[in-house]
Amino acid sequence: MKWLPLIACLWAAPLSAQSLCDVTDPDRIAAVLHGVWMQEGSLSIETETLSVTQSLDPQDRVDVSQSLDLRWPLTDQWLREALPLIATTPMDVDTVDDLLTTAEADWIADAVGDTRCGPESLPQYAATFDTGTTTGDDTLSGTITLIPYFEDRVVLLAQIEMRGAWGLGFVTAASLLAR
């Protein structure tokens, strides 16, 4: 019984977080997304000769500006400008689960599983990019999607295609963002 208060304190924060199910007010969503987020997750890299999954660096922060521009160190390596987030057609639960499985981050589904709705009933914002085709350089295209399940937990999903003289590669990343 002496551990009950400690256990209650540990579980109180996640259970008190406000769900964003069916929230459509863009100002409220922007207020939730705005700020600096810590990440925990992993990415999968698949090419003709390479298949690897690795953890994302938890020291890397995801920054969302008040105008919903996204800065993420993974894409900052290739892209010089912040990516503008726009509302998109929502991913369904099967698509989200497939991306989590590909990135070997199925645990994220459990971390947001206390929501009362699926991802298709949550606001979703995405940044799409394409570096174009430049002779001799790698090209990069893809989409990064943010799904705020709760005010304090956002799922980041990235689908990136890379092309170069070396061939074609696919990067899938999944991360749980927290304040």
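Reading guide: rules and limits
Residues numbered from 1 in each chain as written. Predicted model: local features only at pLDDT ≥ 70, side-chain atom pairs only at ≥ 80, totals over all residues. Heavy atoms only, no water. Core = buried A, V, L, I, M, F, W, Y, C linked by side-chain atoms within 4.5 Å. Buried < 20%, exposed > 50% of the residue type's maximum accessible area, 1.4 Å probe, protein only. Helix = DSSP H or I, 4+ residues; strand = E, 2+ residues; numbered from the N terminus. Contact = heavy atoms within 4.5 Å. pLDDT = per-residue confidence, 0-100. Arc of directions from axis to C-beta. Salt bridge = Lys/Arg side-chain N within 4 Å of Asp/Glu carboxyl O. Phe/Tyr/Trp six-rings, centres within 6.5 Å; stacked < 30°, edge-to-face > 60°. Lys NZ or Arg CZ within 6 Å of the ring centre and 35° of its normal. Pairing = 2+ DSSP bridges.

Student: How do you make sense of the nonpolar core when you look at a structure like this?
Tutor: As a rule of thumb, soluble globular proteins bury nonpolar side chains together. Core analysis: the largest hydrophobic core is formed by 51 residues, its most contacted members being W72, L146 and L157. Listed by contribution, the elements that provide at least two residues to this core are α2 (26–33), β1 (35–47), β3 (61–64), α4 (93–102), β7 (125–130), β8 (139–150), β9 (153–164) and β10 (167–178). Sequence-distant contacts of L146, defined by excluding residues within four places in its chain, comprise L33, V64, L70, L85, P123, Q124, Y125, V154, V155, L156 and L177.

Student: What am I meant to see in the confidence of the model for the protein here?
Tutor: Per-residue confidence for the protein averages 88 on the pLDDT scale, and 89% of its residues sit at or above 70. For the stretch residues 1–15, pLDDT sits under 50, and the model shows 4 contacts to residues farther than four places along the chain or on other chains.

Student: Sorry, what's going on with unusual backbone geometry here?
Tutor: Trans peptide bonds make up most of the peptide bonds, and negative phi angles are found at most residues other than glycine. Even without being glycine, L68 reaches a positive phi, approximately 65°. Within the element layout of this structure, L68 appears in the loop between β3 and β4 (69–71). Even without being glycine, E104 reaches a positive phi, approximately 55°.

Student: Explain α4 here, please?
Tutor: Quick reminder: α-helices carry 3.6 residues per turn. Residues three or four places apart thus point the same way. Among all positions of α4, only V96, L99 and L100 are buried. Buried residues of α4, viewed axially, fall in a sector of 100°; they line one side. Exposed side chains of α4 directed beyond 90 degrees from the buried face belong to D94 and D98. Against α5 (107–111), β8, β9 and β10 lie the buried residues of α4. One or two steps after α4, the chain reaches E104, where phi turns positive at roughly 55°.

Student: Got a minute to help me understand the pattern of salt bridges in this structure?
Tutor: Opposite charge on two side chains allows them to pair when their charged atoms are near. What the rule picks out here adds up to 6 salt bridges. The salt bridge involving R71 is made with D76; its shortest N-O contact spans 3.1 Å. R153 is the salt-bridge partner of D152, the closest N and O atoms lying 3.4 Å from each other.

Student: Mind showing me how you'd approach the packing of aromatic side chains here?
Tutor: Given two aromatic rings, their pairing is described by the distance between the two centres and the angle made by the two planes. The final tally for this structure, using the stated rule, is 0 aromatic pairs. The positively charged end of R179 is found above the aromatic ring belonging to W37, 3.7 Å away from the centroid.

Student: I'm lost on the pairing of β8 in this one. Help?
Tutor: Every regular strand shows the same layout, with side chains that alternate between the two sheet faces. Across the 12 residues of β8, 10 count as buried, placing the element largely inside the fold. Sheet topology note: the β7/β8 ladder contains 6 bridges and is antiparallel. The partner of A126 across the bridge, within β8, is T145. The antiparallel hairpin formed by β8 and β9 contains 2 residues in its connecting segment.

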